[in-house]
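Overview (structure and organization)
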2 protein chains.
Amino acid sequence: MNGHCHGRAQSMERFLEISLLILLYDTKGYGYLLMEKLENFGFSSEQMNIGSLYRVLRKMESSSLVASSWEQGAQGPKRRVYEITDEGKRMLDIWIQHVRRRKETIEYLLETYETTIHDRMN
Amino acid sequence: MNGHCHGRAQSMERFLEISLLILLYDTKGYGYLLMEKLENFGFSSEQMNIGSLYRVLRKMESSSLVASSWEQGAQGPKRRVYEITDEGKRMLDIWIQHVRRRKETIEYLLETYETTIHDRMN
DNA sequence: TTTACTATATTCAACTTGCATATAGTAACT
DNA sequence: AGTTACTATATGCAAGTTGAATATAGTAAA
């Protein structure tokens, strides 16, 4: 039910979804691997929990942002491998615009903070 | 229980708390007024709900980030007026560092997105 | 006395999250 | 064959967060 105009604008989950869509834009990926790649996006394996990752991937599949299939890796159990869909690309495009606005907001906040503190120092 | 090392790193609520501390750094303020000022920080009065604002202000008082007192305005009912505490300033200082890191993460995400999309275009 | 506005606060249902746990295949060692 | 370790996916539950609606109440003008 979370289109681009409804629901919470930018929760951690939304940020996670966006990161995953970017990672999957290039190449397919499965949970455990994506987990590692997510570190670059600020989801360190300490604070990021694997259960949430699998949950959000299933949710993204149910809303057709990604599609999955089972693949046998070199060793270990089968992997559920995800790839991005056209709908996923379309949604990423929309969500990225929100991220840009969020970036501006953060910049405004930091500037305001620095101005406020600086004025206090003098 | 949310010190600077525990709990969710940057929910909307945390972002709201930081914005409020910055607003209160300069001058005292009360709920209804702060509501308007928050627009600059990306909390538009449409999407921002006043109930959440009052809730978070009370919570911030209970954790000693702000202190409140009742004041009679020019007209209308009394206002609960908040001011920042030393503890609030200390916490803001810590949280701002998190925001800076978050800004970097967002920049990384946007750069990665643009690179990914650009590569696809050629 | 009714309507509108300012102002604060609470309730409730729905959703989100972290943590723990369950399940299970592979692989190495004994 | 049994144990341990590792890879991999998934679910259950308690606690926390949120949005929307509602409650309360003072002021002020019609």
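Structure: see above.
Below, the structure is looked at part by part. (Residues numbered from 1 in each chain as written. Chains lettered and ligands numbered in written order. Predicted model: local features only at pLDDT ≥ 70, side-chain atom pairs only at ≥ 80, totals over all residues. Heavy atoms only, no water.)

1. Comments concerning the sheet that holds strand E3 (residues 79-84) of chain B
All names here are of chain B. Taken in spatial order, the 3 strands line up as E1-E3-E2 in an open sheet, and their pairing is antiparallel. Strands at the two margins of the open sheet, each flanked by one partner only, are strand E1 (29-30) and strand E2 (66-71). Note that E1 and E3 share 2 bridges and pair antiparallel. Residue pairing across strands places Gly29 opposite Tyr82, the latter belonging to E3. Helix H1 (residues 12-26) contacts E1, E2 and E3 of the sheet and is inclined by roughly 90° relative to E3. (Pairing = 2+ DSSP bridges. Helix = DSSP H or I, 4+ residues; strand = E, 2+ residues; numbered from the N terminus. Contact = heavy atoms within 4.5 Å. Axes fitted to C-alpha atoms, helices over the stretch in contact; angles between N-to-C directions.)

2. Brief notes about helix H3 (residues 50-62) of chain B
Side chains three or four residues apart in an α-helix point the same way, a direct result of the helix having 3.6 residues per turn. Residue and element names in this part refer to chain B. Helix length check: H3, at 13 residues, gives a terminal C-alpha distance of 19 Å against a target of 18 Å (1.5 Å per residue), a fit within 8%. Capping of H3 at its N-terminal end is provided by Asn49; its side-chain oxygen lies 3.0 Å from the backbone amide nitrogen of Gly51. Taken from the residues just after H3, Ser64 is the one with a positive phi, measuring 65°. (Expected span 1.5 Å × (residues − 1). Polar contact = N/O pair within 3.5 Å; in protein donor to acceptor, adjacent residues only side chain to side chain.)

3. With respect to the protein's contact with DNA strand C
The full set close to DNA strand C counts 22 residues, and A:Glu13, A:Arg55, B:Tyr54, B:Arg79 and B:Arg80 are the nearest of them. Each atom of DNA strand C within 4 Å of the protein belongs either to a base or to sugar and phosphate, the latter forming 62%. The separation between a phosphate oxygen of DNA strand C and a polar side-chain atom of A:Glu13 is 2.4 Å. Between B:Arg80 and DNA strand C, the recorded distance is 2.6 Å, taken from a side-chain N or O atom to a phosphate oxygen. (Near = heavy atom within 4 Å.)

4. Some thoughts on the sheet that holds strand E2 (residues 66-71) of chain A
All names here are of chain A. With respect to topology, 3 strands assemble into an open sheet ordered E1-E3-E2, the strand pairing being antiparallel. Edge strands, defined here as strands with exactly one partner in the open sheet, are strand E1 (29-30) and E2. When E2 meets strand E3 (residues 79-84), the two strands line up antiparallel, connected through 6 bridges. Paired with Ser69 across the bridge in E3 is Val81. Contacts from helix H1 (residues 12-26) reach E1, E2 and E3 within the one sheet, and its direction differs from that of E3 by about 90°.

5. Brief notes about the interface of chain B and chain A
Chain B puts 32 residues into the contact, and the matching count from chain A is 32 residues. Buried area between chain B and chain A, both sides added, is near 3400 Å², and the carbon and sulfur share of it is 68%. Scanning the region where chain B abuts chain A turns up 2 salt bridges. As a salt-bridge pair, B:Glu114 and A:Arg100 come within 3.0 Å of each other at their nearest N and O atoms. Applying the counting rule to chain B against chain A returns 4 residue pairs in polar contact (both at pLDDT 80 or more). For the side of chain B that touches chain A, the elements supplying multiple residues, two or more each, are H1 and helix H4 (86-121) of chain B. In terms of residue count, H4(B) provides more of the side of chain B that touches chain A than any other element does, 20 residues in total. A per-class count over the side of chain B that touches chain A returns 15 nonpolar, 7 polar and 10 charged. (Buried area = accessible area lost by both parts, 1.4 Å probe. Salt bridge = Lys/Arg side-chain N within 4 Å of Asp/Glu carboxyl O. Nonpolar A, V, L, I, M, F, W, Y, C, P; charged D, E, K, R; others polar.)

6. Side note on the protein's contact with DNA strand D
Around DNA strand D lies a shell of 23 residues, among which A:Tyr54, A:Arg79, A:Arg80, B:Glu13 and B:Arg55 are the nearest. Elements represented by at least two residues in the surface near DNA strand D include exactly helix H2 (31-37), helix H3 (50-62) and E3 of chain A together with H1 and H3 of chain B. Ranked by residue count, the leading element in the surface near DNA strand D is H3(A), at 5 residues. Here the residues of the surface near DNA strand D sort into 8 nonpolar, 7 polar and 8 charged.

7. Notes on the nonpolar core
Within the largest apolar cluster, 68 residues are counted, with the highest numbers of intra-cluster contacts made by A:Leu20, A:Leu53, A:Leu109, B:Leu20, B:Leu53 and B:Leu109. The residues contacting A:Leu109, other than those within four sequence positions of it, are B:Phe15, B:Ile18, B:Ser19, B:Ile22, B:Phe41, B:Ile96 and B:Val99. (Core = buried A, V, L, I, M, F, W, Y, C linked by side-chain atoms within 4.5 Å. Buried < 20%, exposed > 50% of the residue type's maximum accessible area, 1.4 Å probe, protein only.)

8. Observations concerning the pattern of salt bridges
All names here are of chain A. Throughout the structure, instances matching the rule amount to 16 salt bridges over all chains. The salt bridge involving Glu13 is made with Lys59; its shortest N-O contact spans 2.5 Å. With Glu13 in helix H1 and Lys59 in helix H3, this residue pair connects regions lying 46 residues apart in the sequence. On the basis of relative accessible area, Lys59 is assigned to the partly exposed category, the value being 33%. Between Glu87 and Arg90 there is a salt bridge; the shortest N-O distance is 3.1 Å. You can see Glu87 and its partner Arg90 sitting in helix H4 (residues 86-121), 3 residues apart, about one turn around the helix. The network of salt bridges with shared partners includes Glu13, Arg14, Glu17 and Lys59.

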